[in-house]
Amino acid sequence: MKKNIRELSEVTVRFAGDSGDGMQLTGTQFSNTSALAGNDVSTLPDYPAEIRAPIGTTYGVSGFQMHFSSSDIHTPGDAPDVLVAMNPASLKVNLKDLKPGATIIVNINSFDEKNFKLCHYESNPLKDGSLSGYHVVEVPLTKMTAEALKDSGLSPKDVARSKNFFALGLMYWIYSRPIEPTIKWIEDKFKKKPEIASANKKALEAGYYFGDNTTLFSTRYKVNPAKLPKGTYRSIEGNEALALGLVTASVKTGLPLYLGSYPITPASTILHELSKHKKFGVRTFQAEDEIAAVSSAIGASFTGALAVTTTSGPGLALKTEAVGLAVMTELPLIIVDVQRGGPSTGLPTKTEQSDLLQAMYGRSGEAPVVIISASTPTDCFDVSLEAARLATKYMVPVLYMTDGYIANGSEPWKIPEPDSIPEMKVKFKTDPEKFQPYSRDENLARPWAVPGTPGLEHRLGGLEKENLTGNVNYDPENHEYMVRLRAEKVKNIENDIPELKVEGSPDSDVLVIGWGGTYGAITDAVHNVNEQGYKVAQAHFRYLNPFPKNTEEVLRKYKYIICPEINMGQLSFLLKGRFLIEIDPFTKIQGQPFKSSEIEDKIKAVLGGMNNG
Amino acid sequence: MADNITIEEVKLKPKDFSSSQDVRWCPGCGDYSILAQIQRVSPELGIKKENYVWISGIGCSSRFPYYMDTFGMHGIHGRAAAIATGVKIQNPELSVWVATGDGDSLSIGGNHFIHACRRNIGLKIILFNNRIYGLTKGQYSPTSEKGKITKSSPYGSIDYPFNPTALAIGSDATFVARSIDRHPAHLKEMIRRAGKHSGTAFIEVYQNCNIFNDGAYFPLTDKETKSDTVLILEHDKPMVFGKENNKGIILDGFTPRVVSLTDGKHSLDDLWIHDEHDTHASRAHILTQFAEFEHLPTPIGVFRHIDKPSYEQDLHQQIKDVIKKEGEGKLKDLLFSGNTWEVN
């Protein structure tokens, strides 16, 4: 059958189904294949905290959204153009997010009374007119998959499990994507289960050819490769990039990498990734709890490792006291906080930026640490290197903030040449001549003297230290001196980090600031508003403690500052407190990233108000 | 199995391990005795001074590292075993010791203690058990006896105590011993043996707090009573005690009984022969229970001593095995792995 092929510049697709339907896998395959086809890609996995919530219910719905484009993009897309709904519950949950007129591909075989009841649909949404504004395509996914696999010898249950590959094959056909990368992936993944591999391949192919043969689709689409800078690319998730950054930092510092960690969503995949890299000498220690994880990392740091602990908000709360010990002992330590919805257990699988104040102030006493944040999945690689550089150069704990959104999201990554990454070799103290454990270099860093070095025996600890000797000291003046010295050491780092850069239209009245994972949505919003003839500037913070040296100067240039955050305004609070500058906190606390349109609307409302006033 | 430590001809003296810091424990504290024995043993283990690391938590006992002229860290409450674990993993060549107390290791740090034992990480954990919170000035501890009157239990503690050796054996520690601060020669020998052990070595030291819990171990240290109240365990020897070595222990099924060696009914041949290396932990566990019964003597010595690979040995072996199989990691291969594509 001859089909038309239409070119599109960008598409947003969402796969949705039961948490056991394999939607994360399907989405990952689709986005990886799109990246391989040269598109710019940005993804947003969105899954429930339950591993297998009851089948057919709305709270068991797992989704994976991806945005692929022939130009540079920064977000996983505001509203899907296409929804693949494997069951009624997934339609019900996702319908409100779709673009007007969006295409909805439903697995018609799951639209029965039993499933309507499970997700509390009172009537069949395909028949009651509630989808009249959409282009609905009813595909017998379950039945066609069963038909394709009727000779496979697999149980009906196993056959049904292949239907996501049928859906994936169909989507590959619609968007003119090659199926070979996924076939290769299936062969590798199910190496030990050849019958499952064969079934999944058949389902994938059947889905692809179904598109070709059915009359349901008259048009195929094509999204041309994006014009990305020249180089070798791969698709990478934030946590993976973060882990590879740490391994690279280990090579570049010449220190063995030590990770003490306790499994916690959404940080666990860093532990998984690093536990693979034994050939780089990486020591991963899955501790008995969060406190042991960070404490062991402090021990490893004392002994000369590039020491890291990874966690999320609740785990960071547990590590609080130990981070104070690292401040007092002035040992390098990287504490990664992949933020999630809080407080308490909160929303484990959803994103938030609500640990900034915990990172800044969540310790007893005056206990400053360096705080840096990553803004995109690929930025996680660079921030890992920077965290290692600052921790080892200044002998300080560094709190490295990311969030569930960039941790699980993926995008194409232009792989850096390892030789182009600067060396940051660390030198331990070895000369016992006049050794003093709390003497200072020009950066106020004390010497790193590791156990096993003759003549450098010394004791560290949480009790206040006398400067230079490091002996326990209770003198009032010494305590004040040391508190100020530790603060000054962190503050001085402002001389060693890049200034805050202003993008968009710098010569405007309105500045949009942010930090972390809001970068994509803010960038798109600012770009769009500027395209429409308005003038808006943007500045994004990587360094949150200390702030870049020119922060106040930048902020004072603008009449109006908007700060979108996925919290109740924590960066706004810090900046207002520090510089006494008015900032409009634009906040959203729904466990979901900002849509760029939300920020765009906010900017326009501010601009409109200024013009009217 | 010898510990994986560089052993050379090292001529050190006890005073080489004494730091410049004034010792600030209360005069008469049992901690002085433990410090003295450790400083005596340290030069005898054939370990270079710079390879000793002492880690502690919080409490009176945890001031210990300040008084040793070795590498050390006075950590945070309960976390010494966790900090020490990171030290030992990072450099298995080091001889890593933990000084801790009953509150530090069995209350706030209980989790780290049992998991260190379970993993068989190569730490020597010396638990100063004075059955009281000393540094916070006299509250009952997790080893205080039920009914104990303290500042926080004016009507008597209603907590049942932990039995530290039982907890260590239940957590699969591979070297478990007990000694007493007032038995310096015995204490020294236990420390020496712990120092030679390659997995987790645990010594519970009965330590007198003469300020808040004076006399807690009086019957075990008093000249008049100690030979009848203390059973000194020796490997491969019958369990004999009493002033004239006139009493012994027999194991009747699972029940230990005291028998007389002078009434003609029992001889040395009938007695329980102590086997430190017994692969089953059950008999060692029975020994830990002696202290709970008044009619049985309190054992000191090595309850259990078995060999199995330590955590750090396995961890580094895995790294070696992977490197042997796949070669050392190269950044270029790592970063350019997975599905890559070119943009021209």
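Residue indices begin from 1 for each chain and proceed along its sequence in written order. Lettering of chains starts at A and numbering of ligands starts at 1, both following the order in which they are written. Residue-level local features of this predicted model are given only where pLDDT is at least 70; pairs of side-chain atoms are given and counted only at 80 or more, and the full residue set underlies all totals for whole chains, interfaces and linings.

S.K.: Go over the overall build of chain A, please, and point to the residues and values.
M.R.: Strands are runs of DSSP state E lasting at least two residues, helices are runs of H or I lasting at least four, and both sets are numbered from the N terminus onward. A tally of helices and strands in chain A yields 20 helices and 23 strands. At 26 Å, chain A has a C-alpha radius of gyration in line with the 25 Å of a compact globule built from 613 residues. Along the first, second and third principal axes, the C-alpha atoms of chain A reach 85 × 65 × 45 Å. To sort residues by exposure, count the other C-beta atoms lying within 10 Å of each residue's C-beta; 20 or more gives buried, 12 or fewer gives exposed, and values between give partly exposed, all with C-beta atoms placed from the backbone. In chain A, which comprises 613 residues, the proportion classed as buried is 54%. Nonlocal contacts in chain A, meaning residues at least 24 apart in sequence, comprise 76% of its contacts between residues at least 6 apart. Throughout, the radius of gyration refers to the C-alpha atoms, and the reference size of a globule is 2.2 Å times the residue count to the power 0.38. Whether two residues are in contact is decided by their C-beta atoms, placed from the backbone, lying within 7 Å.

S.K.: An account of the overall build of chain B is requested, with residue identities and associated values reported.
M.R.: Each helix and strand counted, chain B has 11 helices and 12 strands in total. Its C-alpha atoms give chain B a radius of gyration of 22 Å, within 12% of the compact-globule value 20 Å for 344 residues. A principal-axis box enclosing the C-alpha atoms of chain B has dimensions of 95 × 45 × 45 Å. For chain B, the proportion of its 344 residues judged to be buried stands at 46%. Expressed as a percentage of contacts within chain B between residues at least 6 apart in sequence, the contacts between residues at least 24 apart total 67%.

S.K.: An account of the interface of chain A and chain B is requested, with residue identities and associated values reported.
M.R.: Residue-level contacts link 57 residues of chain A with 52 residues of chain B. Listed by contribution, the elements that provide at least two residues to the side of chain A that touches chain B are α1 (23–36), β9 (231–237), α9 (238–253), β10 (257–261), β11 (283–286), α11 (290–302), α12 (313–329) and β17 (459–461) of chain A. In terms of residue count, the dominant contributor to the side of chain A that touches chain B is α11(A) (9 residues). Partitioned by chemical class, the residues of the side of chain A that touches chain B number 28 nonpolar, 19 polar and 10 charged. DSSP bridges decide pairing: two strands pair if at least two such bridges lie between them. Bridge count for β17(A) against strand β2 (residues 71–74) of chain B is 3 bridges, and the pairing is parallel. Bridged to Arg459(A) within β2(B) is Gly72(B). Amino acids outside the nonpolar list (Ala, Val, Leu, Ile, Met, Phe, Trp, Tyr, Cys, Pro) and the charged list (Asp, Glu, Lys, Arg) are all regarded as polar, and Gly is one of them.

S.K.: Tell me what's going on with the sheet that holds strand β14 (residues 370–373) of chain A, and back it up with residues and numbers.
M.R.: Residues and elements named next belong to chain A. Here we have 7 strands laid out as an open sheet, ordered β11-β10-β12-β13-β15-β14-β21, and mixed in their pairing. With partners counted over all chains shown, the strands left at the sheet margins are β11 and β21 (543–545), one partner each. With direction set aside, neighbouring strand axes in the sheet form an average angle of 20°. In this structure, β14 lies alongside strand β15 (residues 397–403), joined through 4 bridges in parallel fashion. Across the sheet, the residue bridging to isoleucine 372 is tyrosine 400, located in β15. Helix α14 (residues 379–394) rests against β12 (306–311), β13 (333–339), β14 and β15 of the sheet, and its axis sits at about 165° to β15. Here the axes come from fitting lines to C-alpha atoms, over the contacting stretch only for helices, and the angles between their N-to-C directions go from 0 to 180 degrees.

S.K.: For the nonpolar core, give the residues involved together with the corresponding values.
M.R.: By definition, a nonpolar core groups buried Ala, Val, Leu, Ile, Met, Phe, Trp, Tyr and Cys residues that connect through C-beta atoms lying within 7 Å of each other. Counting 187 residues, the largest nonpolar core has Ile298(A) and Val398(A) as its most contacted members. Among the nonpolar cores identified, the runner-up in size contains 53 residues, and Val11(A), Cys119(A), Leu168(A) and Phe210(A) belong to it.

S.K.: Any details on the environment of Leu287(B)? Residues and values, ideally.
M.R.: As for its position among the elements, Leu287(B) is in helix α9 (residues 282–288). Not counting residues within four places of it along the chain, the set of residues in contact with Leu287(B) comprises Pro299(B) and Phe303(B).

S.K.: Which residues make up the environment of Glu598(A), and what are the values?
M.R.: All names here are of chain A. Along the chain, glutamate 598 falls in helix α20 (residues 596–612). C-beta crowding within 10 Å serves as the criterion here: with 16 such atoms nearby, glutamate 598 is assigned to the partly exposed category. Separated by 77 residues in sequence, glutamate 598 and alanine 521 have C-alpha atoms that sit 8.7 Å apart.

S.K.: Break down the sheet that holds strand β10 (residues 255–260) of chain B for me, citing the residues and quoting the values.
M.R.: All names here are of chain B. In space, the 3 strands of this open sheet follow the order β8-β9-β10, with antiparallel pairing throughout. The strands lining the two open edges of the sheet, one partner per strand, are β8 (240–241) and β10. Bridge analysis of β8 against strand β9 (residues 247–252) gives 2 bridges, and the strand direction is antiparallel. Opposite phenylalanine 241, over in β9, you have lysine 247 as the bridge partner.

S.K.: Quick rundown of the pairing of β14(A)? Include the residues and the values.
M.R.: All names here are of chain A. Side chains Val370 and Ile372 project from β14 onto one buried face, and the interleaved Ile371 and Ser373 project onto a second face that is buried too. In this sheet, β21 lies alongside β14 in antiparallel orientation, the contact comprising 2 bridges. Directly across from isoleucine 371, in β21, lies its bridge partner asparagine 545.

S.K.: Report on the domain arrangement of chain A, specifying residues and quantitative values.
M.R.: All names here are of chain A. Segmentation of chain A into domains returns domain 1 (4–223), domain 2 (234–420) and domain 3 (502–612). Domain ranges listed in this record stem from an automatic or a database domain assignment. With centres defined by C-alpha atoms, the gap from domain 2 to domain 3 works out at 26 Å. Contact with domain 2, which involves 25 residues of that partner, is made by 20 residues of domain 3. Residues that form the side of domain 2 that touches domain 3 fall into these classes: 14 nonpolar, 8 polar and 3 charged.

S.K.: Report on helix α6 (residues 184–196) of chain B, specifying residues and quantitative values.
M.R.: Residue and element names in this part refer to chain B. Given a helix with a known number of residues, its expected span is that number minus one, times 1.5 Å. The end-to-end C-alpha distance of α6, which contains 13 residues, comes to 18 Å, matching closely the 18 Å that a straight helix rising 1.5 Å per residue would cover. Among the residues of α6, Leu187, Met190, Ile191, Ala194 and Gly195 are the ones counted as buried. In a view along the axis of α6, the buried residues occupy a sector of 140°, so they form one face of it. Buried residues belonging to α6 abut α1 (31–41), β3 (95–101), β4 (123–129), β5 (175–180) and β6 (201–206). Of all possible arcs, the one meant is that of the directions from the helix axis to the C-beta atoms.

S.K.: Please set out unusual backbone geometry residue by residue, giving values where relevant.
M.R.: Residue and element names in this part refer to chain A. Cis peptide bonds are those with omega within 30 degrees of zero, and the linkage from threonine 265 to proline 266 qualifies with 0°. Following the sequence through the fold, proline 266 ends up in the loop between β10 and α10 (268–274). Residues asparagine 545 and proline 546 are joined by a peptide bond in cis, for which omega reads -5°. A positive phi angle, close to 60°, is found at histidine 120, a residue other than glycine.

S.K.: Before we move on, can you summarise α14(A) with the specific residues and values?
M.R.: With 16 residues, α14(A) ought to run about 22 Å at 1.5 Å a step, and its terminal C-alpha atoms sit 22 Å apart, in line with that. All of the buried residues in α14(A) are Asp379(A), Cys380(A), Phe381(A), Val383(A), Ser384(A), Glu386(A), Ala387(A), Ala388(A), Leu390(A), Ala391(A), Thr392(A) and Tyr394(A).

S.K.: Explain the environment of Asn408(A) to me, using residue names and the numbers behind them.
M.R.: Residues and elements named next belong to chain A. Its location among the elements puts asparagine 408 in helix α15 (residues 404–408). On the basis of neighbour count, asparagine 408 is assigned to the buried category, with 26 C-beta atoms found within 10 Å. Counting along the chain gives 364 residues from asparagine 408 to leucine 44, while the straight-line C-alpha distance between them is 7.2 Å. Look past the residues within four positions of asparagine 408 in its chain and what remains in contact with it is Pro45, Glu237, Gly238 and Pro266.

S.K.: Now, about the packing of α11(A) against helix α2 (residues 80–90) of chain B: what can you tell me, with residues and values included?
M.R.: Interaxial distance between α11(A) and α2(B) falls to 6 Å at its minimum, and their mutual angle equals 45°. When the axis of α11(A) is compared with that of α2(B), the two are oblique. Where α11(A) crosses over α2(B), the two elements pack in a sense that is right-handed. Between α11(A) and α2(B), the residues in contact are Ile291(A), Ala292(A), Ser295(A), Ser296(A), Ala297(A), Ile298(A), Gly299(A), Ala300(A) and Phe302(A) and Ala82(B), Ile83(B), Ala84(B), Thr85(B), Gly86(B), Val87(B), Ile89(B) and Gln90(B), respectively. The class makeup of the residues in the contact of α11(A) with α2(B) is 11 nonpolar, 6 polar and no charged. Here the angle decides the label: under 35 degrees means roughly parallel, over 145 means roughly antiparallel, 65 to 115 means roughly perpendicular, and every other value means oblique. By convention, the crossing between two helices is left-handed when the near helix turns anticlockwise from the far helix through less than a right angle, and right-handed when the turn is clockwise.

S.K.: Could you give an account of the packing of α1(A) against helix α6 (residues 163–174) of chain A, naming the residues involved and the relevant values?
M.R.: All names here are of chain A. Interaxial distance between α1 and α6 falls to 10 Å at its minimum, and their mutual angle equals 25°. With respect to α6, the axis of α1 lies roughly parallel. Considering how the two elements wind past one another, α1 and α6 form a crossing that is right-handed. On α6, the residues that touch Met23, Leu25, Thr26, Gln29 and Phe30 of α1 are Asn164, Ala167, Leu168 and Met171.

S.K.: Now, about the confidence of the model for chain B: what can you tell me, with residues and values included?
M.R.: Interpretation of the predicted coordinates at a detailed level should be avoided for regions scoring low in pLDDT. Averaged over every residue, the pLDDT of chain B is 95; residues scoring 70 or more account for 97%. Scoring the predicted complex yields pTM 0.95 and, for the interface, ipTM 0.96. pLDDT runs from 0 to 100 and stands for how confident the predictor is about each residue.

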